[in-house]
Amino acid sequence: MKALRLHGVRSALIVAPHPDDEAIGAFGLMRLLKRRGARVRVIIVTDGAGSHPGSRKWPRTRLVATRRRETRAVLRGIGIGANDVRFLALPDGGLTAGGGAVRRALARALAQTRGHDLLVMPARDDDHPDHRVVAAVAADCPAIRRLEYLVWPNRQTRARPATHAFPLGVGAAAKRGAILRYRSQFGMITDDPGGFTIARNELAAFAHPVERYREASR
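Residues numbered from 1 in each chain as written. Predicted model: local features only at pLDDT ≥ 70, side-chain atom pairs only at ≥ 80, totals over all residues. Heavy atoms only, no water.

Colleague: Hey, could you run me through the environment of Gly99 in this one?
Modeller: Its place among the elements puts Gly99 in helix α3 (residues 95-112). Classification of Gly99 by relative accessible area gives partly exposed; the value is 24%. When the C-alpha positions of Gly99 and Ala172 are compared, they lie 38 Å apart, and in sequence the two are 73 residues distant. (Helix = DSSP H or I, 4+ residues; strand = E, 2+ residues; numbered from the N terminus. Buried < 20%, exposed > 50% of the residue type's maximum accessible area, 1.4 Å probe, protein only.)

Structure, rendered in C-alpha cells:
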C-alpha cells in the first residue's frame, strides 16, 4: 500500500451519501487540504432522515435539521464554511428505489460543482446501497484524480484492497471527536428501538488512525 500524496491539490470535492460519511471517510484528508490552503467542497447527498424513522419525538423535519447542524459544525471545525457545503436532501435509504430521477438529480449537482482536481467518493462495492448509487454516478464526474473510501465492508463479496494509506498521527483524536459530534447517531434519540446507533466496534473502525483509499479509474 502506497502513502497517500496530495501535493498539487488545489480544489477537492468530497461526496458523502449521508451526513457523517464525509467525516468517517475523509476527515483527515479534508483537514490536511484545508491546512494547505486548498478549497474543499462537500456534497451531502441524502437528508439523513432514515436513521430513526420510528421516532415520534424526532419527526423527519427535526432529524434532518439536526443532522445538518451536526455536519456544519464538524466541517466548520476544520475550516470548511457553509458556502462550501451543499445538502441535496435526496431520500435516505431510497436512492435505489428512486431510479433514474435520483441519479439525474445527483449527476446535475455534481456537474454544477466544477473546477476540482480531486474527487473523493464512496467505494463502488460498499455494502450500503445508497453508497453504491452515489459511487456509480460520481464515477462519471469529471476529475483529474479520484479516490474511493469504504464505510461499510461488503458482506457478499471480498472488498478490493486499498491502494493508499494516510496515517492521521495526532489528527486521529480530532477525527474521533468529529465523528462523536454526530450525537444523533450515538444514542441521543431514545424513542425508536429500531433506530440506528453507531456501535463501539463500528466507531473503532470509523475512527481508525489510518485512512485508507483506493485510486479509482473511470
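Colleague: Got a minute to help me understand the nonpolar core in this structure?
Modeller: One broad rule of soluble globular proteins: the nonpolar side chains tend to lie buried together. Within the largest apolar cluster, 39 residues are counted, with the highest numbers of intra-cluster contacts made by Ile14, Leu29, Met30, Leu33, Leu118 and Tyr213. Element by element, the count of residues in this core is highest for helix α1 (residues 21-35), at seven residues. Excluding anything up to four places from it in sequence, Leu29 contacts Leu4, Leu6, Ile14, Leu118, Val120, Leu147, Phe166, Glu211 and Tyr213. Counting 21 residues, the second largest nonpolar core, distinct from the first, contains Leu110, Val133, Cys141 and Ala143. (Core = buried A, V, L, I, M, F, W, Y, C linked by side-chain atoms within 4.5 Å. Contact = heavy atoms within 4.5 Å.)

Colleague: Help me understand the pattern of salt bridges, please; the structure alone is not making it clear to me.
Modeller: A full pass over the atoms with the stated rule returns eleven salt bridges. The salt bridge partner of Arg214 is Asp125, with a shortest N-O separation of 2.6 Å. One end of the pair, Arg214, is in strand β8 (residues 210-215); the other, Asp125, is in the loop between β5 (118-122) and α4 (129-138), with 89 residues separating them in the sequence. We note that Arg214, like Asp125, is buried. Put simply, Arg160 and Glu148 hold a salt bridge, and the shortest N to O gap is 3.2 Å. You can see Arg160 sitting in the loop between β6 (146-149) and β7 (164-167) and its partner Glu148 sitting in strand β6, a full twelve residues away along the chain. With a relative accessible area of 42%, Arg160 lands in the partly exposed category. (Salt bridge = Lys/Arg side-chain N within 4 Å of Asp/Glu carboxyl O.)

Colleague: Please explain the packing of aromatic side chains as it appears in this structure.
Modeller: Any aromatic ring pair is given by two values, namely how distant the centres are and how the planes are angled relative to each other. Within the structure shown, the criterion is met by two aromatic pairs. Ring plane angle 80° and centroid distance 6.2 Å describe the contact between Trp152 and Phe196, whose orientation is recorded as edge-to-face. Of the two residues, Trp152 is situated in the loop between β6 and β7 and Phe196 in the loop between α5 (171-180) and α6 (200-206); the sequence distance between them amounts to 44 residues. For Trp152, a relative accessible area of 22% puts it in the partly exposed group. Arranged with centres 5.2 Å apart and planes meeting at 85°, the rings of Trp152 and Phe206 form a pair that is edge-to-face. With Trp152 in the loop between β6 and β7 and Phe206 in helix α6, the pair connects residues that are 54 residues apart, well separated along the chain. Under the relative-accessibility criterion, Phe206 is labelled buried at 6%. One aromatic cluster is present, built from ring pairs that chain together Trp152, Phe196 and Phe206. Cation over ring: Arg62 sits above Trp58, and NZ or CZ is 3.6 Å from the ring centre. (Phe/Tyr/Trp six-rings, centres within 6.5 Å; stacked < 30°, edge-to-face > 60°. Lys NZ or Arg CZ within 6 Å of the ring centre and 35° of its normal.)

Colleague: I would appreciate a short explanation of the sheet that holds strand β3 (residues 39-46) in the present structure.
Modeller: Pairing between the strands of a sheet is mediated by backbone hydrogen bonds and can be parallel or antiparallel. Ordered by their spatial adjacency, eight strands build an open sheet running β1-β7-β8-β6-β5-β2-β3-β4, and the pairing between neighbours is mixed. Strand pairing shows two members of the sheet lacking a second neighbour, β1 (2-3) and β4 (85-90), which therefore form its edges. Alignment of β3 against β4, held across four bridges, turns out to be parallel. For Ile43, the partnering residue across the bridge sits in β4 and is Arg86. Sitting on the sheet, α1 is in contact with β2 (11-16), β3, β5, β6, β7 and β8, with an inclination near 95° to β8. (Pairing = 2+ DSSP bridges. Axes fitted to C-alpha atoms, helices over the stretch in contact; angles between N-to-C directions.)

It is worth stressing that arrangement in space is one thing and function is another; only the former is reported here.
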